[in-house]
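Each chain is listed here by its residues.
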Amino acid sequence: MDRTALIVIDMLNTYDHEDAEVLVRSVREALPGVGALLERARDASAPVVYVNDNFGRWRSHHGEILEAALAGRYSDLVEPIAPDEESLFVVKARHSVFFETPLAYLLSQLGVRRVVLCGQVTEQCVLYSALDAHIRHLDVVVALDAVAHIDAGLAEAALQMMERNMSAELCRSGEITFQDVPSD
């Protein structure tokens with residue numbers, strides 16, 4: 001069986017950076033979509049993998065990253081989508097969720113052939129992650145109502161690139177299913 005995994009990108013965020021105010025507005029709009037995807041994936045027993053920056057704290061682990069985000073001034077953006085006990089977690093250092101992380105290996109061990117991407121930032125981490133998933137021969141889905149951006153124009157261009165150049169399926173979170181499908 002080929003499985004679908006939900007990849008939650010950089011949503012455990014302290015919002016302590018120069019573009020935070022612009023990003024926060026977009027995250028507020030994306031939050032219901034992210035929450036809906038988490039619920040649907042968990043209900044289907046699909047793998048949920050949080051892939052998150054470590055904010056340059058190289059001795060940190062997922063618990064500390066979550067604690068820092070919940071202690072930040074925008075904890076209301078983190079609490080509703082916080083990892084549960086079943087969630088998996090990968091720390092990343094750069095834009096792509098795959099760059100020098102064990103994510104590709106993890107997904108192969110789980111039998112994942114299709115990834116649903118949600119989170120932030122559409123024109124940066126989501127875009128580069130979609131490209132890296134595509135070159136690893138994974139099917140890519142991007143939940144349009146569950147991604148946040150800093151620059152709306154660049155985000156729209158990034159979504160077009162994902163669709164045209166990476167064969168990504170772009171759809172709303174309510175249209176995405178997580179059922180396992182027979183392998184080819």
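Note: the structure precedes this text.
What you are looking at is a predicted structure, and each value in this text was computed from that prediction instead of being measured.

Read from one edge of the open sheet, six strands run S3-S2-S1-S4-S5-S6, paired in parallel fashion. Looking along the sheet, the strands with just one partner apiece sit at the ends: strand S3 (88-92) and strand S6 (169-171). Strand-to-strand twist of the sheet, defined as the mean angle between neighbouring strand axes without regard to direction, takes the value 25°. Here strand S5 (residues 139-148) pairs with S6 via three bridges, running parallel. If you follow Val 141 over to S6, its bridge partner there is Glu 169.

This paragraph deals with the packing of helix H4 (residues 122-135) against helix H5 (residues 152-166). Running from N to C, H4 and H5 cross one another at 5°; their axes reach a closest spacing of 9 Å. By the angle between their directions, the pair H4 and H5 is classed as roughly parallel. Contact with H4, carried on its side by Thr 122, Glu 123, Val 126, Leu 127, Ala 130, Leu 131 and His 134, involves Leu 154, Ala 155, Ala 158, Leu 159, Met 161, Met 162, Asn 165 and Met 166 of H5 and no other residues of that element. Grouping the constituent residues of the contact of H4 with H5 by class yields eleven nonpolar, three polar and one charged.

Counted by the stated rule, this structure contains one aromatic pair. Centre to centre, the rings of Tyr 15 and Tyr 74 are 5.8 Å apart; their planes meet at 80°, and the pair counts as edge-to-face. In this pair, Tyr 15 is assigned in the loop between strand S1 (3-9) and helix H1 (20-43) and Tyr 74 in the loop between helix H2 (62-71) and S3, connecting sequence segments 59 residues apart.

Following the criterion strictly, the structure yields zero disulfides and no others. You can see Cys 118 has no disulfide; the closest cysteine sulfur is in Cys 171, sitting 12 Å from it. Judged by relative accessible area, which is 4%, Cys 171 ranks as buried.

Time to look at the pattern of salt bridges. Following the criterion strictly, the structure yields eight salt bridges and no others. In this structure, Arg 73 engages Glu 21 in a salt bridge whose closest nitrogen and oxygen atoms are separated by 2.8 Å. Of this pair, Arg 73 sits in the loop between H2 and S3 while Glu 21 sits in helix H1, and the two are 52 residues apart along the sequence. Arg 42 serves as the salt-bridge partner of Asp 84, at 3.0 Å between the closest nitrogen and oxygen. Taken as a pair, Asp 84 in the loop between H2 and S3 and Arg 42 in helix H1 lie far apart in primary sequence, 42 residues in all. We classify Arg 42 as partly exposed; its relative accessible area is 28%.

What counts as what
- Residues numbered from 1 in each chain as written.
- Predicted model: local features only at pLDDT ≥ 70, side-chain atom pairs only at ≥ 80, totals over all residues.
- Heavy atoms only, no water.
- Pairing = 2+ DSSP bridges.
- Helix = DSSP H or I, 4+ residues; strand = E, 2+ residues; numbered from the N terminus.
- Axes fitted to C-alpha atoms, helices over the stretch in contact; angles between N-to-C directions.
- Parallel < 35°, antiparallel > 145°, perpendicular 65-115°, else oblique.
- Contact = heavy atoms within 4.5 Å.
- Nonpolar A, V, L, I, M, F, W, Y, C, P; charged D, E, K, R; others polar.
- Phe/Tyr/Trp six-rings, centres within 6.5 Å; stacked < 30°, edge-to-face > 60°.
- Disulfide = S-S within 2.5 Å.
- Buried < 20%, exposed > 50% of the residue type's maximum accessible area, 1.4 Å probe, protein only.
- Salt bridge = Lys/Arg side-chain N within 4 Å of Asp/Glu carboxyl O.

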